[in-house]
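Residue strings, one per chain:
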Amino acid sequence: MADQTHVLFVEDDDVIREATQLALERDGFAVTAMPDGLSGLESFRANRPDIALLDVMVPGLDGVSLCRRIRDESTVPVIMLSARADSIDVVLGLEAGADDYVTKPFDGAVLVARIRAVLRRFGHAGGAAPGSGSATEPSGGTLTFGELEIDTEGMEVRRGGRPVALTPTEMRLLLEFSGSPGTVLSRDKLLERVWDYGWGGDTRVVDVHVQRLRQKIGQDRIETVRGFGYKLRA
C-alpha cells in the first residue's frame, strides 16, 4: 500500500461498496472500505489516507459530519457521493470542506477521473505513487492586497500578519484570483483551471469554495460580478 495512492471509501450499501472498491483497485488504488461514518473516522485516524471518498447518507456519523471531522484534523482531499444532483446535501458537503462531489449512480471511469483530477491539484497522480505527478506551481514572490499577503513560494497566506489556514483547493483558487487581480474570472474558467474540468461542471462547487475563501481572507476581498463571475479586489 505504501507505493499506491490510498483511498478511504465510506459507503453503507454492500453492493456499491464492494463493486467500487474492486473497480478502484483495478485502476491501481489501494482502498480501505468502511460501512459507516464512525468506522470511517477511526480508519482515517489510523491510516491517514491520501483521499477520502464519502457517501452522504451513511449510518452512525453521516458523510457531511464525517467530512467536518476530517477537515478539523487534515487538509486531505475529500469527495462526497450524493444520490441526487439537486440535493441540499451537495452544498452541505461542500460547505463542510469537501473539494468535489460525484452524483450516484456514477460510472466507474468518471469516478476515477474525478479522483485523479483532485489528486493532481494536491500534488500527486491517482493510481500512482504520491508525488509521481505534480501540478504546476506558480512563480515565486509575495503578493500583497491590503492586509492580505500571499507567499507563492511557501504556499502560505497571512491576513493582518496572522496565518490563514487554507485547503489546497482554496489555495489554488486564491492563486488564480491573485494571478489576475481586478480581472473577472468566470465560473467555467475557474472549474477548468482549479478543478481540472475540461467539460462543464456544477458551478455550485465554485460558489461554495468562493464563500469559504471569503470567510477566511475577508468578505470584501473577492467581488461578485453578477452574470459574469468573480474578481479579486486589487
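The structure under discussion appears in the preceding block.
For clarity, every value in this text was computed on a predicted model and none was experimentally measured.

Let's shift gears to the pattern of salt bridges. Under the counting rule described, the total for this entry stands at 17 salt bridges. Residue Arg71 is joined to Asp99 by a salt bridge in which the shortest nitrogen-to-oxygen separation is 3.2 Å. Of this pair, Arg71 sits in helix α3 (residues 63-73) while Asp99 sits in the loop between α4 (88-95) and β5 (100-103), and the two are 28 residues apart along the sequence. Overall, the relative accessible area of 16% leaves Arg71 in the buried class. The partner of Glu170 in a salt bridge is Arg212, and the shortest N-O contact between them spans 2.9 Å. Here Arg212 lies in helix α8 (residues 204-217) and Glu170 lies in helix α6 (residues 168-179), a separation of 42 residues in the sequence.

Here α4 crosses α8 at 35°, and the two axes come no closer than 9 Å. The way α4 lies across α8 gives a crossing that is right-handed. Residues Val90, Val91, Leu94 and Glu95 of α4 touch α8, and the partners they reach there are Arg204, Val205, Val208, His209, Gln211 and Arg212. For the contact of α4 with α8, a count of residues per class yields 5 nonpolar, 2 polar and 3 charged.

Attention now goes to unusual backbone geometry. A cis amide bond, omega -5°, links Lys104 with the succeeding residue Pro105. Tracing the backbone through its elements, the reader meets Pro105 in the loop between β5 and α5 (108-121). Positive phi, close to 45°, is recorded for Arg48, a residue that is not glycine. Position of Arg48 among the secondary structure elements: in the loop between α2 (37-47) and β3 (51-55). Residue classification places Arg48 among the partly exposed positions, given a relative accessible area of 43%.

Since there are 3.6 residues in each turn of an α-helix, residues three or four apart along the chain are aligned in direction. Among all positions of α3, only Gly63, Val64, Leu66, Cys67, Ile70 and Arg71 are buried. One face of α3 carries all of its buried residues, which in axial projection span an arc of 155°. In the core, the buried residues of α3 are packed alongside β1 (6-10), α2, β3, β4 (78-82) and α4. With a side-chain oxygen lying 3.0 Å from the backbone nitrogen of Val64, the N-terminal cap of α3 falls on Asp62.

This paragraph deals with the sheet that holds strand β9 (residues 162-164). If you walk across this open sheet you meet the 4 strands as β6-β7-β8-β9, and the pairing is antiparallel. Two strands bound the open sheet, and with one partner strand each, they are β6 (142-145) and β9. Mean inter-strand twist for the sheet, computed between neighbouring axes without regard to direction, equals 25°. Alignment of β6 against strand β7 (residues 148-151), held across 4 bridges, turns out to be antiparallel. Bridged to Thr142 within β7 is Asp151.

When two helices pack together, you describe them by how their axes are tilted relative to each other and by the distance separating the axes. Contact geometry of α6 with helix α7 (residues 187-194) gives a least axis separation of 10 Å together with a crossing angle of 125°. By the angle between their axes, α6 is oblique relative to α7. Considering the relative orientation of α6 and α7, their crossing is right-handed. Between α6 and α7, the contacting residues are Thr169, Arg172, Leu173, Glu176 and Phe177 on the first element and Leu190, Arg193 and Val194 on the second. Of the residues contributing to the contact of α6 with α7, the split by class is 4 nonpolar, 1 polar and 3 charged.

With that settled, consider the nonpolar core. Grouped together as the largest cluster of nonpolar side chains are 48 residues, with contacts concentrated most on Leu54, Met80 and Phe177. Ranked by the residues each element gives to this core, the list is headed by α8, at 6 residues. Those residues within four positions of Phe177 in sequence are excluded, and the remaining contacts are Leu185, Leu190, Val210, Leu213, Ile222, Tyr230, Lys231 and Leu232.

Taken in spatial order, the 5 strands make up an open sheet running β2-β1-β3-β4-β5, and their pairing is parallel. Since the sheet does not close on itself, it has two edges, and those belong to β2 (30-34) and β5, each with one partner. The mean inter-strand angle of the sheet, taken between neighbouring strand axes irrespective of direction, is 20°. Looking at chain direction, β4 and β5 are connected through 4 bridges and run parallel. Paired with Ser82 across the two strands is Thr103, which belongs to β5.

Rules behind the numbers
Residues numbered from 1 in each chain as written. Predicted model: local features only at pLDDT ≥ 70, side-chain atom pairs only at ≥ 80, totals over all residues. Heavy atoms only, no water. Salt bridge = Lys/Arg side-chain N within 4 Å of Asp/Glu carboxyl O. Helix = DSSP H or I, 4+ residues; strand = E, 2+ residues; numbered from the N terminus. Buried < 20%, exposed > 50% of the residue type's maximum accessible area, 1.4 Å probe, protein only. Axes fitted to C-alpha atoms, helices over the stretch in contact; angles between N-to-C directions. Left-handed = near helix turned anticlockwise from the far one by under 90°. Contact = heavy atoms within 4.5 Å. Nonpolar A, V, L, I, M, F, W, Y, C, P; charged D, E, K, R; others polar. Arc of directions from axis to C-beta. Polar contact = N/O pair within 3.5 Å; in protein donor to acceptor, adjacent residues only side chain to side chain. Pairing = 2+ DSSP bridges. Parallel < 35°, antiparallel > 145°, perpendicular 65-115°, else oblique. Core = buried A, V, L, I, M, F, W, Y, C linked by side-chain atoms within 4.5 Å.

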